[in-house]
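For reference, the chains in residue letters:
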Amino acid sequence: MTGPRKSQWQDEVLAGPGGAMTDEVGVITGPLTLRTTGGPDGTVRFAVQYIDADEWYTLTGSPVEGGDPYALHLAALRAIRAGGGAEAPAAPR
């Protein structure tokens with residue numbers, strides 16, 4: 001018997017030059033937290049915040065339809081580290 005599948009991941013990440021683009025406030029930079037949530041409907045949502053802040057912001061391009069949520073989480077971390085106004089990664093087609 002297997003347990004329930006994990007559906008949420010959260011990691012700290014240092015945004016590269018140009019930061020991460022959010023729907024609510026535009027680009028945010030510096031040390032961030034990325035939270036990726038896989039929904040039961042197959043969507044994957046990405047939220048970012050300044051480390052230890054109260055406010056969460058939607059990473060532009062979120063939600064994404066389909067794809068492996070954990071692989072997309074890793075792709076989003078890479079994109080944020082690279083900076084350049086990073087947005088949510090697209091699910092492979």
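What you are looking at is a predicted structure, and each value in this text was computed from that prediction instead of being measured.

Participant: An account of helix H1 (residues 69-82) is needed here, citing residue identities and associated values.
Facilitator: Counted at 1.5 Å a residue, the expected span for H1 with its 14 residues is 20 Å, and the 20 Å between its end C-alpha atoms agrees. Where H1 is buried, its residues touch strand E1 (8-14), strand E2 (20-22), strand E4 (31-38), strand E5 (43-50) and strand E7 (64-65). Looking at the residues trailing H1, positive phi occurs at glycine 83, about 80°.

Participant: Would you mind going over the environment of threonine 36 in detail, with residue names and values included?
Facilitator: The residue threonine 36 is located in strand E4 in this model. Sequence separation of threonine 36 and glutamine 8 is 28 residues, and the distance between their C-alpha atoms is 5.6 Å. If we ignore the near neighbours within four places in the chain, the residues touching threonine 36 are Ser7, Gln8, Trp9, Val44, Arg45, Phe46, Pro69 and His73.

Participant: Describe the nonpolar core, and please don't skip the residues or the numbers.
Facilitator: Leu32, Leu34, Phe46, Val48, Leu59 and Ile80 are the most contacted members of the largest nonpolar core, which totals 19 residues. Within the residue set of this core, elements represented by two or more residues are E4, E5 and H1. Counting residues per element, this core draws most heavily on H1, at four residues. Apart from residues lying up to four places away in sequence, isoleucine 80 is in contact with Val13, Leu14, Ala15, Gly16, Ala20, Leu32, Leu34, Val48, Leu59 and Ala86.

Participant: Run through the packing of aromatic side chains, naming residues and quoting values.
Facilitator: Summed over all chains, the structure comprises one aromatic pair. The interplanar angle of 50° and the centroid separation of 5.8 Å between the aromatic rings of tryptophan 9 and tyrosine 70 together place this pair among those described as tilted. Of this pair, tryptophan 9 sits in strand E1 while tyrosine 70 sits in helix H1, placing them 61 residues apart in sequence. Note on tryptophan 9: relative accessible area 12%, which makes it buried. Between the NZ or CZ atom of arginine 35 and the centre of the ring of tryptophan 56, over which it lies, the distance is 4.0 Å.

Participant: Residue-level account of the side chain of threonine 43, with values.
Facilitator: Relative to the assigned elements, threonine 43 resides in strand E5. Take threonine 43: its relative accessible area is 5%, and that puts it in the buried class. Apart from residues no more than four positions distant in its own chain, threonine 43 is found in contact with Thr37, Gly38, Pro63, Val64 and Glu65.

Participant: Go over the environment of threonine 58 with me, naming the residues and quoting the values.
Facilitator: Take threonine 58: it is sitting in strand E6 (residues 57-58). The exposure class assigned to threonine 58 is partly exposed, which follows from its relative accessible area of 25%. Separated by 23 residues in sequence, threonine 58 and arginine 35 place their C-alpha atoms 9.8 Å apart. With residues up to four places along the chain from it excluded, the contact list for threonine 58 reads Met21, Thr22, Asp23, Glu24 and Phe46.

Participant: Could you give an account of unusual backbone geometry, with specific residues and numbers?
Facilitator: Between serine 62 and the following residue, proline 63, the backbone shows a cis peptide bond with an omega angle of 5°. Counting through the fold element by element, proline 63 comes out in the loop between E6 and E7.

About the criteria used
- Residues numbered from 1 in each chain as written.
- Predicted model: local features only at pLDDT ≥ 70, side-chain atom pairs only at ≥ 80, totals over all residues.
- Heavy atoms only, no water.
- Helix = DSSP H or I, 4+ residues; strand = E, 2+ residues; numbered from the N terminus.
- Expected span 1.5 Å × (residues − 1).
- Contact = heavy atoms within 4.5 Å.
- Core = buried A, V, L, I, M, F, W, Y, C linked by side-chain atoms within 4.5 Å.
- Buried < 20%, exposed > 50% of the residue type's maximum accessible area, 1.4 Å probe, protein only.
- Phe/Tyr/Trp six-rings, centres within 6.5 Å; stacked < 30°, edge-to-face > 60°.
- Lys NZ or Arg CZ within 6 Å of the ring centre and 35° of its normal.

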